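# Reading the structure
Listed below are the residues making up each chain.
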Amino acid sequence: MATYWQPLVDDMEKKTGLKVKLFFSPNYSLLVQAMASKQTQLAWFSALPAVEAIERAEAQVFARTIDSSGSGAYRSVILARKGSGLTEEKLMKCDKTLNFGIGDAQSTTGTLAPLTFLFVPAGKTPQNCFKTVRSANHQANLLAVANGLVDAATNNTTGLAFYRTGTPEAQAAVAKTEVIWSSPDLPESALVYRKDLDPAVQTKIRDFFLSYGKGTDMQGQHEREVLKTLKYSRFDAADNDYLKPVVDMRNAQIAAGAK
């Protein structure tokens, strides 16, 4: 991720005069906690962690990502090894014969969407369906399916777009897998900052992202190349209401669990 994001951060430092340090974690909960404890002030989150940051870390959505095709949505998917013969119907037999990879508990596409749109409507849970259920990030789940460590695993369309042009290992893994289920469209990632950040700094950050890649000069061309690497076309203005569909999904899961 540093390879993808550092060029944008370099541009942000030059345009805003701010010093920006990247912080990474493969665990969404740690990223939200970092913002809650004021270790980070600005973040790029997928939808559900962004909701958690709003509720627990004094975060405010100020922008949303738009992918390279111009869409502000993406989809959760379930992958199986190509040629395995596994289908959605066979997966949902829930006969405890298959090994399944699910996402981080706070992942929109790795956990929340598959539960909301596939398992809960069928009155089932992964734990009741499969021989084993292992939780991992999207890249680990892709590799697990490709290498036969699990029979199927969750992922998303944005991640697959990265892997298709990523490392040789990632490209080879994508070639060995196929999508057997996909969700309806979901809100793409959100950019958030802490509410208590200096308003002047908030304005600098917001103006930087909302104008990024839109210039007609050489710098604008450079920025569009950076966005292309990130699989984005631009950043659009947004607020917390952008994430309402995900809040509704999360609340429905909580209600289902209470029954």
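Description of the structure in this document.

About the criteria used
- Residues numbered from 1 in each chain as written.
- Predicted model: local features only at pLDDT ≥ 70, side-chain atom pairs only at ≥ 80, totals over all residues.
- Heavy atoms only, no water.
- Pairing = 2+ DSSP bridges.
- Helix = DSSP H or I, 4+ residues; strand = E, 2+ residues; numbered from the N terminus.
- Axes fitted to C-alpha atoms, helices over the stretch in contact; angles between N-to-C directions.
- Disulfide = S-S within 2.5 Å.
- Buried < 20%, exposed > 50% of the residue type's maximum accessible area, 1.4 Å probe, protein only.
- Patch = residues over 30% accessible without salt bridge, like charges linked within 9 Å, V, L, I, M, F, W, Y side chains within 5 Å.
- Areas by Shrake-Rupley, 256 points an atom, 1.4 Å probe, with all protein chains shown as cover.
- Salt bridge = Lys/Arg side-chain N within 4 Å of Asp/Glu carboxyl O.
- Contact = heavy atoms within 4.5 Å.
- Polar contact = N/O pair within 3.5 Å; in protein donor to acceptor, adjacent residues only side chain to side chain.
- Phe/Tyr/Trp six-rings, centres within 6.5 Å; stacked < 30°, edge-to-face > 60°.

## Examining the sheet that holds strand 7 (residues 152-156)
Remark on secondary structure: sheet strands pair via backbone hydrogen bonds, oriented parallel or antiparallel. Spatial strand order, 6-5-7-4-8: five strands in an open sheet with mixed pairing. For this open sheet the edge positions go to strand 6 (132-135) and strand 8 (177-182), each flanked by a neighbour on one side alone. Between one strand and the next, the sheet's axes are offset by a mean angle of 30 degrees, whatever the strand orientation. Two strands pair when backbone bridges link them, and strand 4 (residues 76-81) and strand 7 are joined in this way by five bridges, in the antiparallel orientation. What sits directly across from Ala80, in strand 7, is Ala152.

## Considering the state of the cysteines
Under the definition given, this model contains one disulfide. Linked covalently through their sulfurs, Cys94 and Cys129 form a disulfide whose S-S length is 1.8 Å. Because the torsion about its S-S bond is 55 degrees, the bridge between Cys94 and Cys129 counts as right-handed. Taken together, the positions of Cys94 in the loop between helix 4 (88-91) and strand 5 (99-102) and Cys129 in helix 6 (residues 126-129) put the pair 35 residues apart, joining distant regions of the chain. The class of Cys94 is buried, set by a relative accessible area of 17%.

## Notes on a nonpolar patch on the surface
Residues Met1, Phe24 and Trp44 make up a contiguous nonpolar surface patch of roughly 290 Å² in combined accessible area. By the secondary structure assignment, Trp44 is in strand 1 (residues 42-45).

## Notes on the environment of Lys96
Tracing the sequence through the fold places Lys96 in the loop between helix 4 and strand 5. On the basis of relative accessible area, Lys96 is assigned to the partly exposed category, the value being 42%. Once residues within four sequence positions are removed from consideration, Lys96 is found in contact with Gln127, Asn128, Cys129, Phe130 and Lys131.

## Here's the deal with unusual backbone geometry
Leaving glycine out, the prevailing phi sign among residues is negative, and the prevailing peptide bond configuration is trans. Located in the positive-phi region is Glu58, a residue other than glycine, with phi close to 55 degrees. Turning to its location among the elements, Glu58 is positioned in the loop between helix 3 (47-56) and strand 2 (59-67). Even without a glycine there, the phi angle at Lys231 is positive, about 70 degrees. Mapped onto the secondary structure, Lys231 falls in the loop between helix 11 (218-230) and strand 11 (232-237). Given a relative accessible area of 18%, Lys231 falls into the buried group.

## With respect to the side chain of Thr111
Structurally, Thr111 is set in helix 5 (residues 108-119). Polar side-chain contacts of Thr111 include one of 3.0 Å to the backbone oxygen of Gly103. Those residues in contact with Thr111 that lie beyond four places of it in its chain are Ile102, Gly103, Asp104 and Ala105.

## Observations concerning the packing of aromatic side chains
With the rule as written, the count across this model stands at eleven aromatic pairs. Relative to Tyr212, the ring of Phe208 has its centre 5.1 Å away and its plane inclined at 50 degrees; by these criteria the two rings are tilted. The class of Phe208 is buried, set by a relative accessible area of 3%. A relative accessible area of 0% means that Tyr212 is categorised as buried. Centroid distance Phe209 to Phe235: 5.1 Å. Interplanar angle 90 degrees. Geometry classified as edge-to-face. Of the two residues, Phe209 sits in helix 10 (residues 199-211) while Phe235 sits in strand 11, which places them 26 residues apart along the sequence. Across the pair, Phe235 and Phe209 agree in class, each one buried.

## Examining helix 7 (residues 138-146)
Since one α-helical turn is 3.6 residues long, residues separated by three or four positions face the same way. Taken across its nine residues, helix 7 has seven buried, putting it largely inside the fold. Those residues of helix 7 that fall on the buried side of the exposure criterion are His138, Asn141, Leu142, Leu143, Ala144, Val145 and Ala146. At the N-terminal boundary of helix 7, the capping side chain belongs to Asn137, with an oxygen 3.2 Å from the backbone nitrogen of Gln139.

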